[in-house]
Structures are given as structure tokens and as C-alpha cells.
Protein chains: 8
Amino acid sequence: MMELTVYLAGEIHSNWREGIRKQAKELKLPLHFTGPMEDHDRSDHIGEEILGPQPNKVAKDEAASSINNLRTQLLIGKADVVIAFFGKEYKQWNSAMDAATAITLQKPVIIIREESLHHALKELSNKAQVVAETPEQALKALAYVFE
Amino acid sequence: MMELTVYLAGEIHSNWREGIRKQAKELKLPLHFTGPMEDHDRSDHIGEEILGPQPNKVAKDEAASSINNLRTQLLIGKADVVIAFFGKEYKQWNSAMDAATAITLQKPVIIIREESLHHALKELSNKAQVVAETPEQALKALAYVFE
Amino acid sequence: MMELTVYLAGEIHSNWREGIRKQAKELKLPLHFTGPMEDHDRSDHIGEEILGPQPNKVAKDEAASSINNLRTQLLIGKADVVIAFFGKEYKQWNSAMDAATAITLQKPVIIIREESLHHALKELSNKAQVVAETPEQALKALAYVFE
Amino acid sequence: MMELTVYLAGEIHSNWREGIRKQAKELKLPLHFTGPMEDHDRSDHIGEEILGPQPNKVAKDEAASSINNLRTQLLIGKADVVIAFFGKEYKQWNSAMDAATAITLQKPVIIIREESLHHALKELSNKAQVVAETPEQALKALAYVFE
Amino acid sequence: MMELTVYLAGEIHSNWREGIRKQAKELKLPLHFTGPMEDHDRSDHIGEEILGPQPNKVAKDEAASSINNLRTQLLIGKADVVIAFFGKEYKQWNSAMDAATAITLQKPVIIIREESLHHALKELSNKAQVVAETPEQALKALAYVFE
Amino acid sequence: MMELTVYLAGEIHSNWREGIRKQAKELKLPLHFTGPMEDHDRSDHIGEEILGPQPNKVAKDEAASSINNLRTQLLIGKADVVIAFFGKEYKQWNSAMDAATAITLQKPVIIIREESLHHALKELSNKAQVVAETPEQALKALAYVFE
Amino acid sequence: MMELTVYLAGEIHSNWREGIRKQAKELKLPLHFTGPMEDHDRSDHIGEEILGPQPNKVAKDEAASSINNLRTQLLIGKADVVIAFFGKEYKQWNSAMDAATAITLQKPVIIIREESLHHALKELSNKAQVVAETPEQALKALAYVFE
Amino acid sequence: MMELTVYLAGEIHSNWREGIRKQAKELKLPLHFTGPMEDHDRSDHIGEEILGPQPNKVAKDEAASSINNLRTQLLIGKADVVIAFFGKEYKQWNSAMDAATAITLQKPVIIIREESLHHALKELSNKAQVVAETPEQALKALAYVFE
């Protein structure tokens, strides 16, 4: 049976991914999930952890993002579809970057955001394939592919 | 002589584009600039202005963004290079979207942001070709191409 | 042994897909079939079912088509070949869209139509790889690939 | 100044193209228009006219469509944007084909149709960049790109 | 272990493919071979066999080639590498077509021809990755990939 | 006004190109023609002429074809459409290569051959956009694009 | 579980690959390694070994490189990521070629070099995704993808 | 008349480019030349010159190469053909990178090197379209395109 690989882009401060993974299991959907490093501290320090001390904060960030982007490029490259969650806090510029990258690579993107965020997201939403308000809706859209 | 078309992505609340255009003129660089609608109100209302009244706010946003994205897709498609400016205010998700879209299309991107914003922008900066702090630096980088 | 994935585009009012699936089984061909939602009502209502009530009919259609196109994009993306059936009734614009999309993605398309429809389909037929009159002919063409 | 080439896909039985061309002239927009052969008879007979008599009606259609598609492939290939008009009559499968081809080639498409046709066009509309009701709206959307 | 799929393009009048298949088996190389219909008569008549009688010889050829090209497009699309054999007889224009198609798709091509044919093949040979004189040499080149 | 660049692939022993160029001039069509080196001897010796003596005939051919293919790659890359003429004599494998290369690059190809050659050319003809019998027909097909 | 195929480009005079393979085994990472022929002599003589004696040294090199590049093209084509090691000795132009090829194909590249070599490698490093000093660091970056 | 843009990649320590430019002028060839910054010091310091002081030598190199690669990406992107010169001194890894990048982008590359360097360049030479010993030969190959 056909399987789909789903990259779960977006914030790593709430446990929205857990809900999606659990529900997919309950529905026995043939979905394989990947995503960014969810341990925020580890994500920030991974550059120095692997490549050693860097001379300043910008260089430390550059080292970390070179490793994080290696991960993202490999995993989005293997994904069939990307779900991108936008919350109320933080800049979330890399979530927007991941979504736009996938769209430009012609991979379908499902955006999850509460309606109050829609105005700021309107151009990205217009390019996404589906715009949902909850993780449950995003999963239902994927379940529909297998019916 | 070779000309370059430069799309100026990013916020439309300050006049950072003016500085770049003026400096390019003074240096007589063969640069042709394009960018988003800079009248913020017009950008928000363009959907209803052209397509007529929409049933609610989300639909109004969708109508506006369909026109705004038509403009962006055409102009980024014709651009040789994108300069993306990130300021301290607002979500600026469509700036991140424009930058990531250009990068994925293999067009070089120059990001302008003050250093305090670097951490939130680190993954996008790592994918950009040049990361600058001021519009002047971005223009100097382009001037170097013609030397 | 090599398997081929076949997307069965086209009308969902007759049971033409059943004949193809059955015949492939009898011939033990290594074909895996996918296609659109065949329950017409469900296809029309899937937007509101997943995303909730919409403000008018156009918005309801837009919600439904965003989910239907998610399905189609994923399944045509994974297909090796597309069979597109055109009947006498209905506009069938999404059948023409699916066929043209696959052709532009350089995936071979087999069109099935009765000869009386050929004139209206002549430009699409010219771009398709094979033009057949019956589902049996389309399946025979695929069987030939495995001989 | 930047110019845009616009392919006007769609029916050749009404004079909707004339209105667009005239309005563009009045507004002095730097648009260059192309489109299919608008003389319906000539379009149907062009195969035999150039390549000589064909043995039956299907072969005559095939000869004509090989020439018509040569024209369309060259002109859509050179177009920056496609406007596709759908009317109430006829199958218009090649209009749907032209629109889907342009979308898949990542060229923006503006669809014009009256609202009563929306349901049958909903999947194609969802993939188009702008959906308008009149040629005037489509032209205004292009005019906005130059503001 | 990695497997390679090899499309064996070229003439179907001698049994050069048999030698390659047998030698690959003896060396236990993880190669999977595909190729055109090797029964020449069947290849010529497959159009009418599947699609019914055609009005003249050109139309019969067109029907046959539409089915043969369906097969070739699918199989070259799935191939990792193409071996193209050129003999002394016949025009072999579809062998040259298959080789050039694969090269343009960035798939490596190994050409087999005896040296006396080199002059006529010089431009195609220059674009191929390897030029050999015997099927054994072509197979050795593939065996080297697995060492 | 739009111009089209036409690469004239195929044999260099008859003057079929002259007829096309002359007719295009008479009809004042905005066509720009390119093609291979038409001096056969020069084409064969160009490798040694530029790169110096080669150790044997195969190496001489390889040197010549590296220069000829440089020319062809540049000119087909800039062409909008390719006309490929096949005559009765010679292997003409590089004509088939040029046609297949253009088709795979999604450039339309017009084949000219007399009907007696159709059988050997049937697979290539099926992939071409137009199949004509005379240079005049090929030019008429291009003239139709400008009507 | 997802597996990654890693092409190990670079010098074949030290045993840096062995360390990577061993460490991956110890960490039970789902990595599959490929790379160039590591027997330097065999790599230099493979052209004559397979294709027979060549008329001079340049022709011998050309024969060998045609086989070596067949291997590289197939293996980099199947790789998800490339690790490229640069040492102090030799020109290593094909290592730079392999890295640049992978980057242009949008495959992520990890460069390993000691810091003293950075200046000469600065442009290539800027295009790579990760720049490391030791094979251990490169492997840790890949391990991070699976966390 | 058709013009070609030629990127002159390779070492900036000798004046090989001058000879090519002068000869092209004498022959009145419609060639437009671009290339890297030829002032070696400026190329090394351009990062700090534009972006300000960097914390260490690697960071200084990274800043410089981000500007140099911006230039190279824009100019190779606009080039029709790349001439890459390899001399006896220095690592010249970015020359190999430029050549491999152009080849992977399907742009033809002409390599110039003296024969003693051929062995180290054999894999890159095999992927190039023409391999010459002198700038004069490279220019003659381009002149042939216009005959």
C-alpha cells in the first residue's frame, strides 16, 4: 500500500505534533512523520556541539543553522507533503521558509493557524494547498487521500 | 551592457527602498528595481477593489492575496536577484516566503537585517547568498558584480 | 518485478474504473490503481466536512477543491501513467486538467473516449501518448509494456 | 520598461479578446497579446490545408491539432501569464488543457468565467492564481503589476 | 544492495541482448534489464492489434508507434542507464532517438558499435558516457560500478 | 514583434535549407535561422584544424564532434523550434539525435521526410509535433503561428 | 525506517572512509555508503582494461575517465548527500567537481578539510551545507538527522 | 545577430583573458565576456570591505566568498558558455567548481590546460565539451559557431 511521508514544520514549543502522530496511529493511516529537532536548546547549540566553539553569536548561529538546514533539506526532500503550524508567538521565519520551499518544489503544503493569524499569513495561505485551523483538520485532509 | 533586475522584498512601512534606488542612480548602476505594492492599504483592499465584495474577512484576504501573489510571481520570476529586508516589527511572513521562494528557484538572495534579529533569521540567513546590515551594504555587493 | 502506478482520471458517474481493475487482476498485471474520490457527493462536500461551514457556494467549492486537489496532486505525483476517460455528459474540465497536468509533467497519458467526442478532444488527444476507444484497449496498451 | 506577454486562451466564438486588447491600449499598458487562431474554420481545416488530404475525420483532426498545438506550445512557452476564458457553450477541453499546461509550467493563470460556471471549474480555479468574472477584472489585475 | 535498471536500446534482429543478460547472471550483478518489444512483427502490428484497423500505412505506423513509445517512455523513465547497440543494417533512427532522449534526461548512455560505424556515430558518441565495441565491454563497465 | 529562432537540423548534402530561407524572406516572416556547419569537409576536419593532429581516425572524429556538438548545443539551446530533414541516403544518426534532444528539452520539432521513409521514422515522428513532406509545408506551419 | 545513501567523494590515498564507515556501524546509523574506485592504479587503468589499448596518454586518460565518470554519475545520482574530503596533497580537481555537481543538483554537501586549507576552498565551502574538520564531525551531522 | 555571453573562469594571476578578449575584437566576434574579480587582493578582502570586520580568518573568508559567489552565480547564470583555464600553480578549486557548476546546469564548457595537466583533470575534461591547450583554440571553437 502507498505510504506518505509528512514533514511537520513549525514551532517546537507546544506539542501539536504529538496529537497528529497519535491520531494517525489510531486511524492506522500509512503516514511516516519527520520534522525538525524538537529540543529547542539542542537545536540552538548543535553547531558548537559538533563543529566546536565559534568566535561570536552570529557565527554560533551560522554553525547551528548549517546543521539544522542539512536536516531540513534532507527531510523535506524526502517528504511527499508538508504540514506547517503557525502559532501566535515568535517570528517563525523558518516555518515560513520551510513552507515556501516545499511549495516552490511543487510539494503540497497544509497550513494550520488560528483564524486571527490569517491576515499576516494571507499570501502564504494563498500559495498553500489547504489552510486548516486545527491539526485534526490537517490529518483528516490526508486521510481523505487514502479513502 | 548587462542589466540586472532586482526585486526588493520586505516591509512597506519604512522607506528603505528609496535609499537603495537613489544610491543606484548616483552610482549609475544598470539596475532595474521592482517590488510589492508599497501602499499598504491598497495592498489589503486590492481583492475587493478588483473582484468585488467578499463574504467575510478571510475571503477578503484571499481575494487580495491572489492579486498580490500574481504580482509577486511575475516580478520575482523576472528578477535576477532578490533583496529582502527584515525589520523589528510585524510577522513579515511573506518576506520570508519571497526570500525562500527565490532561493529555491536558484536566484541569489541578499538579506538585510540588524544583528539583533539574526537569531530568529538564522536558518533563512544560512540559505541566503549574502547577509547584510544595511541597504548600502546590499547595494555595494551588487555594484561589485559590475566592476 | 517492476510495478506501475496508474491514476484513473475522469468521470465518476459510470463504473468504467471497475472494468479496468478487474481485467488487470485477471491478467495478473503488476498495476496499482489510484484515482479521485468516486463518491460524487462526498467530493462536493469534503471542504465543509473537514474545514467547517463556508460563507457561500463559491467558498464552499473552493474549500472542497482545495482538498480534492491535495489528493490529486499527491496521487498524480506518484503515478507512472495516467488513464483519462471522457464521457458524453458534463463539462469534465478537471479531467482535461488532470490529463494536461500529467502530460506537462512528462508522464504518459492514455485517453479513452468514443470516436464521436474526438473533434472536441483533438488538441488534447494530439498531446496524449495513446488515444483509445475502450478501457480494454487502454489496459492492453499497458499489458504490452510487460511483455 | 518591463513588458508582459499575455496568452489569451479560450473560446473563439465571442469577441472577449477585443475588449481586453482595447482596454490595454487605452490604459497604455505594456502588454503584448497572443492567442489561438480565432478563425474557427481555418483552425479546423489547417491540417489538410498544409499537409494535404487525410484518410478520415479523425486523421483530419489529428493533422489540424498537430499544427494548432505547434502554435500553442510556441506561444504559451513565450507567455508570462495566461488568461483563460470559459463560456457556457461547448466542451472547451483545450481551454482547460491550456490553463493546466501553463499552471504546471509555473506560469500564473487568470481564469474568467461567470459565477454559474464555478462549480464545474472549481478544481481548475483552485489551481489558478486569480479567478475573475469579467475581462475587465483580469486586465485590472495585470495593470496592478505595473503600479 | 543497490540495483541498477538497464534499458537495452537498439536493433532487435540479432541476439546481442541475450549475451548481456547471460553474462550479468553469471557475474551475479544486481542488474534488472528492460527494452523494446523484441518480436519485430508484433512491434509493427501492435497499433492495429490494440486500436483496430487504420485507414492507411502511415496511420497504421502512427498507431503502432504510439504504443511502442508508451512502452519506451515508461521504461527509459525508470532506467538508471541505457545501453544502445548500433549494427550495420537499417536506419536505426529510434535507437539514436532513445540514446539522445536518455542523454538529455541526464541518464548515462553506453554505446556499442563496431569501429567501422564510428564516423557516422561520432556526434552521438561524443555525447554518450562510454563507447564500446562489444556487449561484454559494456557489461564490464557496469560491473565496475559495483566493485 | 515576436521573432522565432529556427534550428535547421539534418543532412547537408542537398540545399533544402536554401528553399526555406528564401521562402521565409519572401513572406517576410520574422524567423531567424541557424543550423550545423553545411560544409561537410570542414565539419569532418574541424577537430584537427583547431586542436591539432590526432593519433588515429576515432580520435580525429572525437575531436571534430566535440566542436560540432559545442555548436549544436549552443544553437539548439537558443532555438524556439527545430526543423529536422531526413533524406534517403546516409545514416543521419545525428539528425535523429538533434530531433530527440530538442523534443526532450520540450522544444517543438517539425520533421520533413518523404512518405517512403515514414516506417523507419515512425517512433520519432510520433514524438515530433508536426510531420511534413516538404520544406514548404514546414514553413507554412510556422507562418500559421504569426497569423 | 528512512535510510540515507552517502557518496564519499575525495582522495583515495588515505583511509578516511574507513573511519566513517566504522563509526556509522557502531552507532547503528541507517547509512549506505558509496564512493569512487579506491584502488588508484585500477582507476587509472580501467579504460584500457575494458576498452583496450589507446593510442597515447591523453586517450588512455579519456578512456579511464569515461568509465570512472559513469560510476560517479550513477552513484551521485542515487546519493542523498555527499561528503567530500580535501587533503593537503594533489590537485583533487575531481573532488571539487563532485562536490560542485552535487550542490548544483541540489544535494547537500558536507566538506571535510583541515582549517589551513580553508582559504583555497572558501568559495566551495560557501556553497556547501556544512564545513567540518574531521570525518567524525561529518558523521555527527548526519546522525543528528535521525534524532 | 545572435550574441554569446562567455564567462572566463579560472586563475587571475596571468593575463590569459586579455588575449581572448583582444582576439575576439580583432575577429569582430559578437562575444560578451564576463568573469571573476581579477584583482586578487580585492577578491580576498571584499567581505570585510562591504560587511565590516570579521572575528577570524575563516569568517573573513566566508564573508568574502559570499560576495564572490554572488557575482559568480549571477554571471554564470547569464552565460551561454564557460571557458575555464587551469594553470600549473595553486589549488584552483573554485575553477573546478565553476566548470562543474556550468556543466551540471547544461551549459557547455571549454577547458584550457597544457597537456601535462591532463591526468589530474581527466574526469573534468571528460565532462567538458571541448578540451583545448591554448586560449586561441578556445576562441576558434567559438568562432566556428558563427560561421
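Below: a short report on this structure. (Residues numbered from 1 in each chain as written. Chains lettered and ligands numbered in written order. Predicted model: local features only at pLDDT ≥ 70, side-chain atom pairs only at ≥ 80, totals over all residues. Heavy atoms only, no water.)

**Looking at the arrangement of the chains**
Link 1 in the chain: There is no contact between chain A and chain E; across them, the least C-alpha separation is 18 Å.
Link 2 in the chain: At the C-alpha level, the nearest point of chain C lies 18 Å from chain G, with no contact between them. (Contact = heavy atoms within 4.5 Å.)

**Quick notes on helix α3 (residues 57-78) of chain C**
Residues spaced three or four apart along an α-helix point in a common direction, a consequence of the helix completing one turn every 3.6 residues.
All names here are of chain C.
Link 1 in the chain: Counted at 1.5 Å a residue, the expected span for α3 with its 22 residues is 32 Å, and the 32 Å between its end C-alpha atoms agrees.
Link 2 in the chain: Counting buried residues along α3, 16 of its 22 residues qualify, which places the element largely inside the surrounding structure.
Link 3 in the chain: N-capping of α3 is provided by Asn56, with a side-chain oxygen placed 3.3 Å from the backbone N of Val58. (Helix = DSSP H or I, 4+ residues; strand = E, 2+ residues; numbered from the N terminus. Expected span 1.5 Å × (residues − 1). Buried < 20%, exposed > 50% of the residue type's maximum accessible area, 1.4 Å probe, protein only. Polar contact = N/O pair within 3.5 Å; in protein donor to acceptor, adjacent residues only side chain to side chain.)

**Notes on the sheet that holds strand β3 (residues 81-85) of chain H**
Link 1 in the chain: Across the sheet, five strands lie side by side as β2-β1-β3-β4-β5 (chain H); this open sheet has parallel pairing. For this open sheet the edge positions go to β2 (31-34) and β5 (130-132) of chain H, each flanked by a neighbour on one side alone. The average angle at which neighbouring strand axes cross in this sheet is 25°, direction not considered.
Link 2 in the chain: Summarising the sheet, strand β1 (residues 4-10) of chain H and β2(H) pair through four bridges and their orientation is parallel. From the neighbouring strand, H:Thr5 faces β2(H), where its bridge partner is H:His32.
Link 3 in the chain: The strands that helix α3 (residues 57-78) of chain F touches are β1, β3, β4 (109-112) and β5 of chain H; relative to β5(H), the one it contacts most, it runs at about 130°. (Pairing = 2+ DSSP bridges. Axes fitted to C-alpha atoms, helices over the stretch in contact; angles between N-to-C directions.)

**With respect to the interface of chain H and chain G**
One frequently used descriptor of interface size is the decrease in accessible area upon assembly of the parts.
Link 1 in the chain: In this complex, chain H contributes 36 residues to the contact, which on the side of chain G involves 36 residues.
Link 2 in the chain: For the chain H and chain G pair, buried surface summed over both sides reaches about 3300 Å², with 58% attributable to carbon and sulfur atoms.
Link 3 in the chain: Salt-bridge contacts for G:Asp44 lead to H:Lys122; the nearest nitrogen and oxygen are separated by 3.3 Å.
Link 4 in the chain: Applying the counting criterion to the chain H and chain G interface returns 24 residue pairs in polar contact (both at pLDDT 80 or more).
Link 5 in the chain: Listing elements by their share of the side of chain H that touches chain G, those giving two or more residues are α3 (57-78), α4 (93-104) and α5 (122-127) of chain H.
Link 6 in the chain: Counting residues per element, the side of chain H that touches chain G draws most heavily on α3(H), which supplies eight residues.
Link 7 in the chain: A breakdown of the residues in the side of chain H that touches chain G according to their chemical character gives 13 nonpolar, twelve polar and eleven charged. (Buried area = accessible area lost by both parts, 1.4 Å probe. Salt bridge = Lys/Arg side-chain N within 4 Å of Asp/Glu carboxyl O. Nonpolar A, V, L, I, M, F, W, Y, C, P; charged D, E, K, R; others polar.)

**Side note on unusual backbone geometry**
Link 1 in the chain: Within the chain, A:Tyr90 stands out as a residue other than glycine whose phi angle is a positive 65°.
Link 2 in the chain: Within the element layout of this structure, A:Tyr90 appears in the loop between β3 (81-85) and α4 (93-104).
Link 3 in the chain: You can call A:Tyr90 partly exposed: its relative accessible area is 49%.
Link 4 in the chain: At F:Lys28, a residue that is not glycine, the phi angle is positive and equals roughly 50°.
Link 5 in the chain: Within the secondary structure, F:Lys28 sits in the loop between α1 (16-26) and β2 (31-34).
Link 6 in the chain: Classification of F:Lys28 as exposed rests on a relative accessible area of 73%.

**Section: the environment of F:Pro30**
Residues and elements named next belong to chain F.
Link 1 in the chain: Within the secondary structure, Pro30 is located in the loop between α1 and β2.
Link 2 in the chain: Its relative accessible area of 17% is what places Pro30 among the buried residues.
Link 3 in the chain: Between the C-alpha atoms of Pro30 and Leu4, which are 26 residues apart in sequence, the distance is 6.6 Å.

**Focus: the sheet that holds strand β4 (residues 109-112) of chain C**
Residues and elements named next belong to chain C.
Link 1 in the chain: Pairing within the open sheet is parallel, and its five strands lie in the order β2-β1-β3-β4-β5. Each edge of the sheet is formed by a strand with only one pairing partner; in this case those strands are β2 (31-34) and β5 (130-132). For this sheet, the mean angle separating the axes of adjacent strands, direction not counted, is 25°.
Link 2 in the chain: Relative to β5, β4 runs parallel, the two sharing three bridges. Bridge pairing links Ile111 to Val131 in β5.

**Observations regarding the relation of the copies chain H and chain G**
Put simply, the two copies of the chain differ by a rotation about an axis and a shift along that axis.
Link 1 in the chain: Expressed as a screw operation, the relation of chain H to chain G combines 0.0 Å of axial shift with a rotation of 180°, fitting to an RMSD of 0.0 Å. This pairing of chains is accounted for by a two-fold axis.
Link 2 in the chain: Mapped onto chain G, 100% of the interface residues of chain H are again interface residues, and the two copies thus contact each other with one and the same surface. (Least-squares fit on C-alpha atoms with pLDDT ≥ 70 in both.)

**Focus: the packing of helix α1 (residues 16-26) of chain E against helix α6 (residues 135-145) of chain E**
In a packed pair of helices, the relevant descriptors are the angle between the two axes and the axis-to-axis distance.
All names here are of chain E.
Link 1 in the chain: Taken N-terminus to C-terminus, the directions of α1 and α6 make an angle of 35°; their axes are 9 Å apart at the nearest point. In terms of crossing hand, the pair formed by α1 and α6 is right-handed. Residue-level inspection shows Trp16, Ile20, Gln23 and Ala24 of α1 in contact with α6, the latter providing Pro135, Glu136 and Leu139. (Left-handed = near helix turned anticlockwise from the far one by under 90°.)

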